[in-house]
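# Geometric and topological summary
So the chains spell out like this:
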Amino acid sequence: MSRSSSPDPSGGPNQVSGSRPPICDYEGSDYQDRFWAPGDRRYEDAAEAAALRRLLPRAGRFMLEIGAGAGRNTPRYRGFERIALVDYSRSQLQQAQHSLGRDDRYLYVAADVYRLPFVPGLFDGATMIRTLHHMANPAAALTSVAEVLQRDSTLVLEYANKRNLKAVLRWLVRAQAWNPFDRATVEFVQLNFNFHPQSVRAWLAEAGFVVERELAVSMFRQALLKRILPARALIALDVALQPSGKWILLSPSVFLRARASLAPNFHKQGAFWRCPVCRSHRIGQNQDGLHCQNCGRDWPLQDGIYDLRSRLEE
C-alpha cells in the first residue's frame, strides 16, 4: 500500500514511498499561495518566462507538462494546440483547473512520472520545470518522458544546479562539507536534490536526448540583492546573462533544450492511454473514467481530472 506522510506543517510536500522511487507529493499543500502568490518571486518568475521563450518551439500539436502544479507556466505554451497537465497532486491540478478553466485545450492528469499513462510517441513537446529536483531517480524519470515523445521532439528541462556560485564560494571558505565540483547528487532537504550538470547531461544521453542549448537562470536569487535592487533591474540583468550558460553554468537554476533523438517517430493511430500498471494500450473510456481491458483495473475521472496514479503495491 502506498503511504503519504502527514502534511508538512510548513505547507511543503508529502512523501509517497514504496518499492519504486519515493514521490514528492504536494497534495493539500499551499505551495502556490505561499511561494509564488506574495509577489517576492517576481524576479524568478520573469527570468524563467524569458528562458522558456528562448527554448520553446514556436508551435506544436500536443505538449506534455510534467509537474504542472497549479499551472503557473501553462499559459506560456501558447504555440501548442493542446496541453496535458500532469502532476502527482490532484489538489494542485484542481488549482490549475480553477485558473485555466475546463477548456478542451487542457487535459488534467494525476499520474506518476515513472509510469506515465500515455502511449509511446503521443507528444511532440514536453516541459519539466522545477520538477526534476524532486526526483529520487532522475534517470528513470527522463527515460519515462522520452518514451512518450515523438522522435526529434523538444524537451525543455529545468534543474537545480549543484555547481552554483554560492555553493562554490561556501565550499572554498569551508562553510559547507560537500564538494560542488564532484558529480554526486546532494539531497539538501528530503526529496529536494541538487544535480551536477555533467550528471544531468549523462542521464539525458542515456534516455536518448541530445542537448541543444543551455541557459544560466536566476543568477541573482539572493535575498540581499532582491532587497537592494528593483526586480526589473534583476530581470534585465538575468535575461542578458542567460546565454552565458553556453560556456559556464554557475547559476542555481539551469534551463536546457534537448531533442528526443531515439524516440519513436509515430504512434498507433487512435491510441492514447496506456495502463500505468500492466502497460497495456487496451484501455478505453467509460462513463466513470478509464478501464483497462487487459488487467481489468479502473481509473476514475472526477471533476475533469483523470486519476491514473498507480498503486505501488500493484
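Residues numbered from 1 in each chain as written. Predicted model: local features only at pLDDT ≥ 70, side-chain atom pairs only at ≥ 80, totals over all residues. Heavy atoms only, no water.

A few words now on the packing of aromatic side chains. The tally for this structure, following the rule as stated, stands at ten aromatic pairs. Measuring from ring centre to ring centre gives 5.3 Å for Phe 195 and Trp 203, while their planes differ by 90 degrees; the resulting arrangement is edge-to-face. On the basis of relative accessibility, which here comes to 1%, the residue Phe 195 falls in the buried class. Look at Trp 203 and you get buried, because its relative accessible area is 15%. A network of ring pairs unites the aromatic residues Phe 62, Phe 118, Phe 123, Phe 272, Trp 273 and Tyr 306 as a single cluster. Its guanidinium or amino end placed over the ring of Tyr 88, Arg 309 lies 5.7 Å from that ring's centre, counting from NZ or CZ. (Phe/Tyr/Trp six-rings, centres within 6.5 Å; stacked < 30°, edge-to-face > 60°. Buried < 20%, exposed > 50% of the residue type's maximum accessible area, 1.4 Å probe, protein only. Lys NZ or Arg CZ within 6 Å of the ring centre and 35° of its normal.)

With that settled, the discussion passes to the confidence of the model for the protein chain. Considering every residue of the protein chain, the mean pLDDT works out to 89; 89% of them sit at 70 or more. The low-confidence segment residues 1–11, where pLDDT is below 50, has 23 contacts with residues more than four positions distant or belonging to other chains. (pLDDT = per-residue confidence, 0-100. Contact = heavy atoms within 4.5 Å.)

When you tally the buried positions in strand 7 (residues 123–128), you get six out of six residues, the bulk of the element. As defined by bridge partners, strand 4 (residues 60–66) adjoins strand 7 across four bridges and the pair is classed as parallel. Note that in strand 7 the partner of Leu 64 across the bridge is Ala 126. Bridge count between strand 7 and strand 8 (residues 149–160): five bridges; the pairing is parallel. By the bridge assignment, Met 128 is partnered in strand 8 with Leu 157. Regarding the hand of the β-α-β motif, the stretch spanning strand 7, helix 4 (residues 138–147) and strand 8 is right-handed. (Helix = DSSP H or I, 4+ residues; strand = E, 2+ residues; numbered from the N terminus. Pairing = 2+ DSSP bridges. Right-handed = clockwise from strand over helix to strand, strands pointing away.)

This brings us to the pattern of salt bridges. For the structure on display, the rule yields 14 salt bridges. Where Glu 44 meets Lys 226, a salt bridge forms, and the shortest distance between an N and an O atom there is 2.8 Å. With Glu 44 in helix 2 (residues 42–55) and Lys 226 in helix 7 (residues 223–228), the pair connects residues that are 182 residues apart, well separated along the chain. Accessibility expressed as a relative area gives 0% for Glu 44, which makes it buried. Among the ionic pairs, Arg 72 bridges to Glu 48, the shortest N-O distance being 2.8 Å. Taken together, the residues Arg 72 in the loop between strand 4 and strand 5 (80–87) and Glu 48 in helix 2 connect sequence positions 24 residues apart. Like Arg 72, the residue Glu 48 is buried in the burial classification. One network of salt bridges, in which partners are shared, links Asp 45, Glu 48, Arg 72, Arg 76 and Arg 130. (Salt bridge = Lys/Arg side-chain N within 4 Å of Asp/Glu carboxyl O.)

Let's shift gears to the pairing of strand 13 (residues 283–286). Bridge count between strand 13 and strand 14 (residues 289–292): four bridges; the pairing is antiparallel. In the strand pairing of strand 14, Gly 284 is matched with His 291. In this antiparallel pair of consecutive strands, strand 13 and strand 14, the connection spans two residues.

Moving on to helix 8 (residues 231–241). Listed in full, the buried residues belonging to helix 8 are Ala 231, Leu 234, Ile 235 and Asp 238. Angular distribution of buried residues about the axis of helix 8 spans 100 degrees; they occupy a single face of the element. Facing away from the buried surface of helix 8 by more than 90 degrees, the exposed residues are Arg 232 and Ala 240. Looking at the packing, one finds that the buried side of helix 8 touches helix 2, strand 11 (209–217) and helix 7. (Arc of directions from axis to C-beta.)

As a further point, take helix 2. Compared with the 20 Å implied by 1.5 Å per residue over 14 residues, the 20 Å span of helix 2 between its first and last C-alpha is a close match. For helix 2, the full list of buried residues reads Tyr 43, Glu 44, Ala 47, Glu 48, Ala 49, Ala 50, Ala 51, Leu 52 and Leu 55. (Expected span 1.5 Å × (residues − 1).)

Let us now look at the sheet that holds strand 11. Spatially, the eleven strands line up as an open sheet ordered 11-12-8-7-4-5-6-16-15-14-13, and their pairing is mixed. Each having just a single partner strand, strand 11 and strand 13 make up the two edges of the open sheet. Taken pair by pair, the neighbouring strands of this sheet meet at an average axis angle of 20 degrees, ignoring direction. Contacting strand 8, strand 11 and strand 12 (253–260), helix 2 crosses the sheet at an angle of about 150 degrees to strand 11. Together, strand 8, strand 11 and strand 12 form the strand contacts of helix 6 (residues 197–206), whose direction differs from that of strand 8 by roughly 160 degrees. (Axes fitted to C-alpha atoms, helices over the stretch in contact; angles between N-to-C directions.)

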